[in-house]
Amino acid sequence: MLGGIGAAVFWLLTEPRRLDEATIAGLGAGDAARGERIFWAGGCTSCHARPGAEGDTRLELAGGMKLKTPFGTFVPPNISPDPKDGIGNWSAGDFANAMMRGVAPDGSHLYPSLPYTSYARMNPADVADLYAFMKTLPTVAGSAPDHELSFPFNVRRGLGLWKLLFLSDQPVVALPADAPENVALGRYLVEGPGHCGECHTPRDLIGGTDKSRWLSGAVAAEGDGIVPNITSGEGGIDSWSESDIAAYLETGFTPDFDSVGGAMVEVQHNMAKLRAEDREAIAAYLKTVPAHPNGYPARTPPAG
Amino acid sequence: MRKLIFAISALALGVSASFADPQADREGLMKANGKAMGALSAYVKGEKPFDAADVLAQLTKLSDDAQKISDPALWPAGSNTGDSTASPKIWEDAAGFQAALDKFKADTASAVAAAPADVEALKVQMGAVGSNCASCHQAFRVKKG
């Protein structure tokens, strides 16, 4: 009996929650030209292109990359406009529910390897524009393999509980009402489509980002190494000016002409395709986020 | 006699005499590369008036250092301990790493051979040379805390 109640409560709490009707109805047709900017801000191709794709093949969103994390291996799917293997048959509402609520068209939960915890903060009109742009991309046939996850992470329904804890459309950093317009734009780009916090913020044991250490750097979820602290705290980028940050996002060079590396190389290529004012806005926002010391543990000094 | 003992011990250790500390040496070369890129960038950004002689000197420096840095003796297997940010992929994908170094050598050499005469030409050359930094660091460097 108790088990039965527990199961019923679990079922209620874990129910996938879609966007409301009014939001879906308001999506409209979207504008592909405007959507291209959102596409680069979101970096869709960095995970959904074939591994190692370069040049124009980065626009063929066949999926298949393997993201090896402590929870298992996630494989981004085909999101090209192919009607069978991609998302060509999705409605704008299906797309918005996947992006902003992590709910698939069949009503099941998507894994947060698709960073809907960030995309939830996006403006629905931008999501509609993005979808219009993605429909202009090449159609690619073929499905990517499934995720390889072990129990309990392979129970999709359980993600409903995880979402109750971590899925919110509210901004992370509160800004005063009179905050400069470009800081607000930067917040939107960083916390929403850019999903910077997904890698630059440490995660707790069940994989949620720790907002009290927002953007303070983290142990890399995939592979070895760390993702740097991009706050002005110790170990961070206090010494970088706004124009240093904007220049880095455009050229890939740090103020002392070290270069971008690791997974950020892809991100920087995407950022370079934004408008100059977008990169400046990101820089302005990063200079206003609360300063934190490094969100990853200091390396153990060598013995002796 | 001392010279002989030194030579014998060097042989016995199997190390190249010119690289006592390969990690420090390659890091020094990387920093010098950054400095040269920084100097070139000042012209591109218009912070300094174009100086063809200095531009050629910086590109030559990059080309010389590219030769040095692609010496396998600078990358002995297992030299990614301590604070080294060298990725294990350098040795797992030795052919890919060598190809990246060879590309850097080729791109810097052709920049020297076709020395830019104005800022526009320099921009193109810097793009070609500079793309090597990110593409190699993407695969073969790991950031550490």
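Residues numbered from 1 in each chain as written. Chains lettered and ligands numbered in written order. Predicted model: local features only at pLDDT ≥ 70, side-chain atom pairs only at ≥ 80, totals over all residues. Heavy atoms only, no water.

*Asks:* Tell me about the interface of chain B and chain A, and please be specific about residues and values.
*Replies:* Contact with chain B, which involves 17 residues of that partner, is made by 15 residues of chain A. If you sort the residues of chain B by the area they bury against chain A, B:Gln138, B:Lys143 and B:Gly145 come out on top, with a joint share of 34%. If you look at where chain B meets chain A, you find one salt bridge. B:Arg141 is the partner of A:Asp258 in a salt bridge, and the nearest nitrogen-oxygen pair spans 3.0 Å. Among the secondary structure elements, those contributing two or more residues to the side of chain B that touches chain A are α2 (22–44) and α6 (119–140) of chain B. A total of five residues in the side of chain B that touches chain A trace back to one element, the largest contributor, which is α6(B). Residues belonging to the side of chain B that touches chain A are distributed by class as follows: five nonpolar, eight polar and four charged. (Contact = heavy atoms within 4.5 Å. Buried area = accessible area lost by both parts, 1.4 Å probe. Salt bridge = Lys/Arg side-chain N within 4 Å of Asp/Glu carboxyl O. Helix = DSSP H or I, 4+ residues; strand = E, 2+ residues; numbered from the N terminus. Nonpolar A, V, L, I, M, F, W, Y, C, P; charged D, E, K, R; others polar.)

*Asks:* Give a description of the domain arrangement of chain A that names residues and reports values.
*Replies:* Residues and elements named next belong to chain A. One can read the domain layout of chain A as domain 1 (23–166) and domain 2 (181–286). Domain 1 and domain 2 are separated by 21 Å when their C-alpha centres are compared. Counting residues at the interface gives 25 residues for domain 1 and 28 residues for domain 2. Here domain 1 meets domain 2 over a buried area of about 2,200 Å², counting both sides, of which 55% is carbon and sulfur. By the criterion of area lost to domain 2, the three top residues of domain 1 are Arg37, Trp40 and Arg121, representing 29% of everything that side buries. For the pair domain 1 and domain 2, the interface holds two salt bridges. As a salt-bridge pair, glutamate 266 and arginine 58 come within 2.7 Å of each other at their nearest N and O atoms. Taken together, the links from domain 1 to domain 2 amount to twelve residue pairs in polar contact (both at pLDDT 80 or more). For the side of domain 1 that touches domain 2, the secondary structure elements donating two or more residues are α3 (32–42), α4 (44–48), β1 (67–69), α6 (116–119) and α8 (159–166). Among the elements that make up the side of domain 1 that touches domain 2, the one with the highest residue count is α3 (four residues). (Domains from an automatic or database assignment. Polar contact = N/O pair within 3.5 Å; in protein donor to acceptor, adjacent residues only side chain to side chain.)

*Asks:* Now, about the pattern of salt bridges: what can you tell me, with residues and values included?
*Replies:* In this structure the tally under the stated criterion is 17 salt bridges over all chains. Across the pair A:Glu148 and A:Lys66 runs a salt bridge whose closest N-O atoms are separated by 3.6 Å. Here A:Glu148 is found in strand β3 (residues 148–149), whereas its partner A:Lys66 is found in the loop between α4 and β1, with 82 residues between them in sequence. Ionic pairing is found between B:Lys68 and B:Asp65, a salt bridge with its closest N-O pair at 3.8 Å. Of this pair, B:Lys68 and B:Asp65 both sit in helix α3 (residues 52–69), separated by three residues, roughly a single helical turn. According to the relative accessible area criterion, B:Lys68 is partly exposed, its value standing at 46%. Overlapping salt bridges, with partners in common, bring together A:Arg37, A:Arg275, A:Glu277 and A:Asp278 in one network. (Buried < 20%, exposed > 50% of the residue type's maximum accessible area, 1.4 Å probe, protein only.)

*Asks:* Describe the packing of aromatic side chains, naming the residues involved and giving the relevant values.
*Replies:* Residues and elements named next belong to chain A. Within this structure, the stated rule accounts for eleven aromatic pairs over all chains. Centroid distance phenylalanine 39 to tryptophan 40: 5.0 Å. Interplanar angle 80°. Geometry classified as edge-to-face. Per residue, the accessibility class of phenylalanine 39 equals that of tryptophan 40, and both read buried. Ring centres of tryptophan 162 and phenylalanine 166 lie 4.9 Å apart, and the angle between their planes is 50°; this geometry places the pair in the tilted category. (Phe/Tyr/Trp six-rings, centres within 6.5 Å; stacked < 30°, edge-to-face > 60°.)

*Asks:* Account for helix α12 (residues 264–271) of chain A, with residues named and values stated.
*Replies:* For α12(A), the complete set of buried residues consists of A:Val265, A:Glu266, A:Gln268, A:Asn270 and A:Met271. Here the buried face of α12(A) lies against α3, α4, α11 (242–251) and α13 (276–286) of chain A together with α6 of chain B.

*Asks:* How would you sum up a negative patch on the surface? Please name residues and give values.
*Replies:* Taken together, the side chains of B:Asp21, B:Asp25, B:Glu27 and B:Asp83 define an acidic patch exposed on the protein surface. As for its placement among the helices and strands, B:Asp83 is situated in the loop between α3 and α4 (89–92). (Patch = residues over 30% accessible without salt bridge, like charges linked within 9 Å, V, L, I, M, F, W, Y side chains within 5 Å. Areas by Shrake-Rupley, 256 points an atom, 1.4 Å probe, with all protein chains shown as cover. Lys, Arg positive; Asp, Glu negative; His and termini not counted. Charge placed at Lys NZ, Arg CZ, Asp CG, Glu CD.)

*Asks:* Got a sec to walk through the sheet that holds β1(A)? Specific residues and values, please.
*Replies:* Residue and element names in this part refer to chain A. Within the open sheet, the three strands sit side by side as β1-β2-β3. Their pairing is antiparallel. The open sheet has two edge strands with one neighbour each: β1 and β3. In terms of strand pairing, β1 meets strand β2 (residues 72–74) through three bridges, oriented antiparallel. Counted as the bridge partner of lysine 68 is threonine 73 from β2. (Pairing = 2+ DSSP bridges.)

*Asks:* Let's hear about a nonpolar patch on the surface: which residues, and what values?
*Replies:* Residue and element names in this part refer to chain A. A grouping of Ile5, Val9, Leu13, Leu161 and Leu164 is seen on the molecular surface, where their side chains present a nonpolar patch of about 390 Å² in accessible area. When residues in the nonpolar patch are grouped by element, the largest group, three residues, is from helix α1 (residues 2–13). By the secondary structure assignment, leucine 164 is in helix α8.

*Asks:* Please provide a residue-by-residue account of the side chain of B:Arg26, values included.
*Replies:* Residue and element names in this part refer to chain B. Looking at where arginine 26 falls in the secondary structure, it is placed in helix α2. Buried charge without a partner: arginine 26 forms no salt bridge, and the closest opposite charge is glutamate 27, 5.6 Å away. A polar atom in the side chain of arginine 26 sits 2.9 Å from the backbone oxygen of leucine 74. Discounting residues that sit within four places of it in the chain, arginine 26 has contacts with Ile69, Leu74, Trp75, Pro76, Ser79, Ser84 and Ala86.

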